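Chain by chain, the residues:
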Amino acid sequence: MIRIYNTLSQQKEDFQPIQPGKVRMYVCGMTVYDYCHLGHGRVLVAFDVITRYLRHRGYDVHYVRNITDIDDKILRRADENGERFTALTQRMIDAMHEDERRLGVLAPTEEPRATDFVDEIVAMIRVLINKGHAYAADNGDVYFSVDSFKDYGKLSKKRLEDLLAGARVDVEQAKKSPADFALWKAAKPGEVSWPSPWGDGRPGWHIECSAMSSHCLGDTFDIHGGGPDLLFPHHENEIAQSECATGKHFVNVWMHAGAIRVNREKMSKSLGNFFTIREILDKYPPEVVRYFLVSSHYRSQVDYSEDNLVEAGRTLERLYHALRGVLPAKNVPEGEFDRQFHETMDDDFNTAGAMSVLHGVANELNQARRDGDEHRSRELAAVLVRLGGVLGLLQQDPEAFFKAGLSDLTEEQVEALIEARANARKDKNFAEADRIRDELLEKGIILDDSREGTSWRRG
RNA sequence: GGCGCGGUGGCAGAGUGGUUAUGCAGCGGACUGCAACUCCGUGUACGCCGGUUCGAUUCCGACCCGCGCCUCCA
């Protein structure tokens with residue numbers, strides 16, 4: 001039985017999908033006006049691991065992750081760049097897909113875009129108005145009336161009166177209540193717009209997720225996820241819109257990833273302390289970045305730092321080192337390690353605990369190799385690759401992993417130097433042998449001698 | 001101020017009412033020409049103060065500290 005922490009109930013719950021064997025999951029994706037930073041990467045990787053694990057456990061997972069491609073910030077950025085907003089969004093979507101691919105994130109089942117669902121959005125707003133949950137204001141905007149939904153605040157545990165007490169002074173005059181939020185925003189002259197019963201305009205921020213999730217997964221589904229800063233107001237507002245429009249319970253399990261921090265502060269656009277995925281991948285191998293993300297629990301806060309990434313790299317090397325030169329066996333049945341892995345992953349996707357299991361496999365694999373037990377080695381290598389694969393790790397050829405990113409020297413040059421050193425060693429000319437080893441080390445190549453010969457890796 | 005989360009050994013990071021997390025770094029040993037890799041061994045860890053208990057890092061309460069949300073943000 002898989003247990004998942006539900007933000008709504010603030011505790012772990014046994015996971016029971018609505019339809020046995022099938023999981024319907026929606027995750028809030030990107031608003032595409034800039035490159036993805038590591039915080040986005042965290043969410044991408046977290047829900048990628050969750051999807052992989054649920055599938056590993058036999059569930060048929062329908063994973064929807066949206067793209068919000070119309071929004072104030074997009075329009076402003078496109079305007080600054082002097083380009084059509086669609087040119088900006090397409091460029092960012094392409095970049096996002098490239099980042100995902102490099103981090104080993106599998107494509108979601110569906111990736112709906114807000115601009116493809118304006119009709120559904122307008123229809124949902126119309127229902128909300130008809131039911132008395134929304135109103136068209138004089139300025140052409142349509143607002144959701146927070147007072148009309150008695151459960152407002154149930155996800156974020158906020159009370160409406162507290163929100164109103166803290167409301168800023170410069171509230172939009174057209175709103176009946178300061179906590180009301182826009183479902184539809186009237187277009188200013190010259191702005192891109194779609195027609196609607198309330199005049200030309202564009203969707204407000206939250207409504208697209210309500211419309212798209214209903215369309216792709218139905219009015220009630222199993223899991224809804226996203227980043228920590230979406231809990232309020234975005235997810236709270238989604239609940240209000242969806243439950244008022246459909247009259248049904250919206251989502252069973254709400255999941256939120258923890259924040260990525262820099263110097264103990266949340267990495268965020270507004271603080272400007274963010275690192276984009278692509279700039280991080282210029283410094284560290286993609287799988288090291290993924291390992292870093294997966295090695296702590298998805299709900300905990302983690303600090304992005306040079307030290308942490310370097311350590312992640314060393315640790316990942318240890319796992320690949322165990323696999324190096326061993327051909328994994330085929331059709332190895334599940335055993336004790338799989339059981340341990342499932343036990344910890346069943347507990348709210350405890351990837352940190354799962355890493356401990358992987359190291360246990362690596363340790364036993366290294367012992368088998370030391371003892372020359374080839375059968376056992378190949379079996380354990382298969383287990384390690386299988387369990388690593390559930391986390392999206394250890395799928396590369398170890399040789400490729402160790403030799404990736406070679407710059408100063410070609411492989412042929414390295415091999416030639418290794419052969420020269422081997423000859424020097426044969427002649428007991430250890431001074432020359434060490435000189436060659438130091439020369440290689442200076443160029444970032446580390447040598448590992450063994451009975452079978454010398455292998456090398458990038459340091 | 002309101003709401004929420006967290007404080008674990010040098011660092012990172014799981015977990016548990018009594019028994020080893022794990023990794024990195026360090027130390028000792030084996031292996032090695034020497035290293036590296038690997039293996040074996042090695043650490044008075046659980047913010048502070050009370051309470052419950054035969055026994056608490058693990059449950060309860062107070063306190064201190066940190067972080068997040070309350071406004072756009074994954």
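Residues numbered from 1 in each chain as written. Chains lettered and ligands numbered in written order. Predicted model: local features only at pLDDT ≥ 70, side-chain atom pairs only at ≥ 80, totals over all residues. Heavy atoms only, no water.

Colleague: So, the packing of helix α6 (residues 207–217) against helix α7 (residues 231–246): which residues are in play, and what are the values?
Modeller: Interaxial distance between α6 and α7 falls to 8 Å at its minimum, and their mutual angle equals 55 degrees. With respect to α7, the axis of α6 lies oblique. When you trace α6 past α7, the crossing you get is right-handed. In this structure, α6 contributes Ile-207, Cys-209, Ser-210 and Ser-214 to the contact, and α7 contributes His-234, Glu-238, Gln-241, Ser-242 and Thr-246. The residue inventory of the contact of α6 with α7, partitioned by class, reads 2 nonpolar, 6 polar and 1 charged. (Axes fitted to C-alpha atoms, helices over the stretch in contact; angles between N-to-C directions. Helix = DSSP H or I, 4+ residues; strand = E, 2+ residues; numbered from the N terminus. Parallel < 35°, antiparallel > 145°, perpendicular 65-115°, else oblique. Left-handed = near helix turned anticlockwise from the far one by under 90°. Contact = heavy atoms within 4.5 Å. Nonpolar A, V, L, I, M, F, W, Y, C, P; charged D, E, K, R; others polar.)

Colleague: Residue-level account of the UniProt feature "binding site: ATP" (unreviewed entry) in chain A, with values.
Modeller: The UniProt record annotates "binding site: ATP" (unreviewed entry) at Lys-269. We classify Lys-269 as partly exposed; its relative accessible area is 27%. Ignoring any residue separated from it by four or fewer positions in sequence, one finds Lys-269 in contact with Tyr-33, Asp-34, Tyr-35, His-37, His-40 and Phe-274. (UniProt positions renumbered as here; feature names shortened; annotations may be inferred. Buried < 20%, exposed > 50% of the residue type's maximum accessible area, 1.4 Å probe, protein only.)

Colleague: Let's hear about the state of the cysteines: which residues, and what values?
Modeller: Tallying each qualifying case throughout the model produces 0 disulfides. In this structure Cys-28 is a free cysteine whose sulfur lies 3.8 Å from that of Cys-209, the closest cysteine sulfur available. By relative accessible area, which is 6% here, Cys-28 ends up buried. Between Cys-244, a free cysteine, and Cys-209, which holds the nearest cysteine sulfur, the sulfur-to-sulfur gap is 17 Å. (Disulfide = S-S within 2.5 Å.)

Colleague: How would you summarise unusual backbone geometry if you had to cite specific residues and measurements?
Modeller: Backbone torsion omega between Phe-232 and Pro-233 reads 0 degrees, so that peptide bond is classified as cis. You can see Pro-233 is positioned in helix α7. The backbone phi angle of Arg-264 is positive, close to 70 degrees, even though this residue is not glycine. Counting through the fold element by element, Arg-264 comes out in the loop between β11 (260–262) and β12 (265–266). Under the relative-accessibility criterion, Arg-264 is labelled exposed at 65%.

Colleague: Any details on the protein's contact with RNA strand B? Residues and values, ideally.
Modeller: In the vicinity of RNA strand B, 60 residues are found, and the nearest of them are Trp-205, Gly-227, Leu-230, His-321 and Arg-370. Taking all atoms of RNA strand B within 4 Å of the protein, the share assigned to sugar and phosphate is 66%. Between RNA strand B and Asp-434, the relevant distance is 2.7 Å, taken from a base nitrogen to a side-chain nitrogen or oxygen of the residue. Among the elements that take part in the surface near RNA strand B, helix α12 (residues 351–370) stands out by supplying 8 residues, more than any other. (Near = heavy atom within 4 Å. Polar contact = N/O pair within 3.5 Å; in protein donor to acceptor, adjacent residues only side chain to side chain.)

Colleague: Describe the sheet that holds β11, with residues and values.
Modeller: Strand order in the open sheet made by the 3 strands is β12-β11-β13, with mixed pairing throughout. Two strands lie at the open edges of the sheet, namely β12 and β13 (302–303), each paired on one side alone. In this sheet, β12 lies alongside β11 in antiparallel orientation, the contact comprising 2 bridges. Following the sheet pairing, Val-262 is matched in β12 by Glu-265. (Pairing = 2+ DSSP bridges.)

Colleague: Explain the nonpolar core to me, using residue names and the numbers behind them.
Modeller: Core analysis: the biggest nonpolar cluster contains 127 residues, and Leu-54, Phe-341 and Leu-391 have the highest contact counts within it. Taken domain by domain, the makeup of this core includes at least three residues from each of domain 1 (3–261) and domain 2 (306–402). Apart from residues lying up to four places away in sequence, Leu-391 is in contact with Val-49, Arg-52, Arg-290, Val-294, Phe-341, Met-345, Thr-351, Ala-354, Met-355 and Leu-358. (Core = buried A, V, L, I, M, F, W, Y, C linked by side-chain atoms within 4.5 Å. Domains from an automatic or database assignment.)

Colleague: Tell me about the environment of Pro-197, and name the residues and values.
Modeller: In this fold, Pro-197 is placed in the loop between β7 (181–186) and β8 (201–203). For the pair Pro-197 and Arg-126, spaced 71 residues apart in sequence, the C-alpha separation works out to 8.4 Å. Excluding its chain neighbours within four sequence positions, the residues that come into contact with Pro-197 are Val-122 and Arg-126.

Colleague: I'd like a rundown of the side chain of Thr-7, residues and numbers included.
Modeller: Examined against the element boundaries, Thr-7 turns out to sit in the loop between β1 (3–6) and β2 (11–14). Engagement of the side chain of Thr-7 in a polar contact is seen with the side chain of His-256, the distance being 2.7 Å. Residues contacting Thr-7, with those up to four places away along its chain left out, are Leu-155, Lys-157, Leu-231, Trp-254, Met-255 and His-256.

Colleague: How would you sum up the environment of Thr-68? Please name residues and give values.
Modeller: Tracing the sequence through the fold places Thr-68 in strand β4 (residues 60–68). Look at Thr-68 and you get buried, because its relative accessible area is 4%. Linking Thr-68 and Thr-31, residues 37 residues apart in sequence, is a C-alpha distance of 4.6 Å. Excluding residues within four positions of it along the chain, Thr-68 makes contact with Met-30, Thr-31, Val-32, Ile-74, Ala-114 and Glu-208. Within the local environment of Thr-68, its side chain forms a polar contact with the side chain of Glu-208, the two groups lying 2.8 Å apart.

Colleague: Outline the pattern of salt bridges, listing residues and values.
Modeller: Counted by the stated rule, this structure contains 40 salt bridges. For Asp-71, the salt bridge identified is with Lys-73, shortest N-O distance 3.7 Å. Residue Asp-71 is classed as buried on the basis of its relative accessible area, which comes to 11%. With a closest N to O distance of 3.1 Å, Glu-439 and Arg-435 form a salt bridge. Of the two residues, Glu-439 and Arg-435 both sit in helix α16 (residues 430–442), 4 residues apart, roughly one turn of that helix. (Salt bridge = Lys/Arg side-chain N within 4 Å of Asp/Glu carboxyl O.)

Colleague: Any details on the domain arrangement of chain A? Residues and values, ideally.
Modeller: Annotation of chain A at the domain level lists domain 1 (3–261), domain 2 (306–402) and domain 3 (407–458). The centre of domain 1, based on its C-alpha atoms, is set 55 Å off from the matching centre of domain 3.

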